[in-house]
Structure formats: structure tokens, C-alpha cells
Amino acid sequence: MGIEIRDTEGRGATLGVAPGPEEGPLQVAILVEGHPAGASWSCSPAAARELAAALTTAAAEAESARSSEPVTVKASELLRGDVRDGARLMTVETVRRDGANVQVTWTSGGGRSWSQMYEADTGIRLRRRLPPGR
């Protein structure tokens, strides 16, 4: 599966990732195809996760920069992908109803996750809500 990207001059390329070879150090392959300077790199699985977290954070920041004013929703109405308003990036991973309460699992921009319980009607201020179907 390739991901379409563009360089600073607007030329298109495809970014692909795959597990590295079975022999040698544990690696993840990163391939750039279709670019005049076509290239490939490899990195450790930890570095690949760090790259993924950085890309996720950058994508969230780019989307947030174009979003409207923050909204407040009830904890019971939170959706996966909602981003909490505040100094730190916190994204809803899961929401589980537990009687009159809601258990929300949050993920940080750095990849850590934790769960918190809220009363179902507690107002949670969101920086961004994903459009339906995303």
C-alpha cells in the first residue's frame, strides 16, 4: 500500500513501508518511489513508531488549525478521534458506557494511553471533532 506525498517543488512520489529483512537487525523499510531521487531508508521499529506518532501529531495539528471554535459535548457523546481542547493533544480512543458513567480511553500525541471515568452528562470541551464517517 502506497501513500501519495509531494516534495517541496510539488513533484509526486509514493511512500511505502514494509517490515525489513528477516535476517540482520530488526528494521522497518521506508521506500520513496516515483521521485527523481528515489530513495529507501530503514529504521528500528521504535523509530518507526516515533515517526508514526510525529506524523499523527502533525496531521492533528494541521486539521486543528483549520477547525472552528471548540465545542462542548457530553461525555456520553464523545466519538473516537475527538480531540480534547487544552495545552496537550489528547485524542479519544474508545468510549464505553458503564451505567450512569462513561469510561473514556485517551491517547496522547506521544502515544501513551490512559482511561478516565466521567458522569455521562459531564461537559467535555473539544478542540476538534472528526467529520462523520472518518
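Before going into details, it helps to say that this report is about the structure given with it. (Residues numbered from 1 in each chain as written. Predicted model: local features only at pLDDT ≥ 70, side-chain atom pairs only at ≥ 80, totals over all residues. Heavy atoms only, no water.)

**Remarks on the environment of Cys43**
Then comes step 1: Here Cys43 shows up in strand E4 (residues 39-43).
Then comes step 2: Sequence spacing of Cys43 and Leu26 is 17 residues, and the spatial spacing of their C-alpha atoms is 8.4 Å.
Then comes step 3: Those residues in contact with Cys43, other than ones at most four positions away along the chain, are Leu26, Gln27, Val28, Ile30 and Ala48. (Helix = DSSP H or I, 4+ residues; strand = E, 2+ residues; numbered from the N terminus. Contact = heavy atoms within 4.5 Å.)

**Here's the deal with the pattern of salt bridges**
Then comes step 1: All told, the structure shown has 2 salt bridges when counted by the stated rule.
Then comes step 2: The salt bridge partner of Asp85 is Arg125, with a shortest N-O separation of 2.9 Å. Of this pair, Asp85 sits in the loop between strand E6 (83-84) and strand E7 (90-98) while Arg125 sits in strand E10 (residues 123-128), and the two are 40 residues apart along the sequence.
Then comes step 3: Relative accessible area serves as the criterion here: at 43%, Arg125 is assigned to the partly exposed category. (Salt bridge = Lys/Arg side-chain N within 4 Å of Asp/Glu carboxyl O. Buried < 20%, exposed > 50% of the residue type's maximum accessible area, 1.4 Å probe, protein only.)

**Some words on the side chain of Asp82**
Then comes step 1: Position of Asp82 among the secondary structure elements: in the loop between strand E5 (71-74) and E6.
Then comes step 2: Using a relative accessible area of 0% as the deciding quantity, one classes Asp82 as buried.
Then comes step 3: At 2.8 Å, the side chain of Asp82 forms a polar contact with the backbone nitrogen of Leu79. (Polar contact = N/O pair within 3.5 Å; in protein donor to acceptor, adjacent residues only side chain to side chain.)

**Details of the nonpolar core**
Then comes step 1: Listed in full, the 12 residues of the largest apolar core are Val73, Ala75, Leu78, Met90, Val92, Val102, Val104, Trp106, Tyr118, Ala120, Ile124 and Leu126.
Then comes step 2: Where this core is concerned, the elements lending two or more residues are E7, strand E8 (101-108) and E10.
Then comes step 3: Looking at this core, the element that brings in the most residues is E8, giving 3 residues.
Then comes step 4: For Val104, the contacting residues outside a window of four places in its chain are Leu78, Val92, Thr94, Trp114, Ser115, Gln116 and Tyr118. (Core = buried A, V, L, I, M, F, W, Y, C linked by side-chain atoms within 4.5 Å.)

**Thoughts on the pairing of E7**
Then comes step 1: Judged from the 8 bridges that link them, E7 and E8 form a sheet pairing that is antiparallel. Within E8, the position partnered with Arg96 by the bridge is Gln103.
Then comes step 2: Here E7 folds back onto E8 in antiparallel fashion, the turn holding 2 residues, of which Gly99 has a positive phi close to 70°. (Pairing = 2+ DSSP bridges.)

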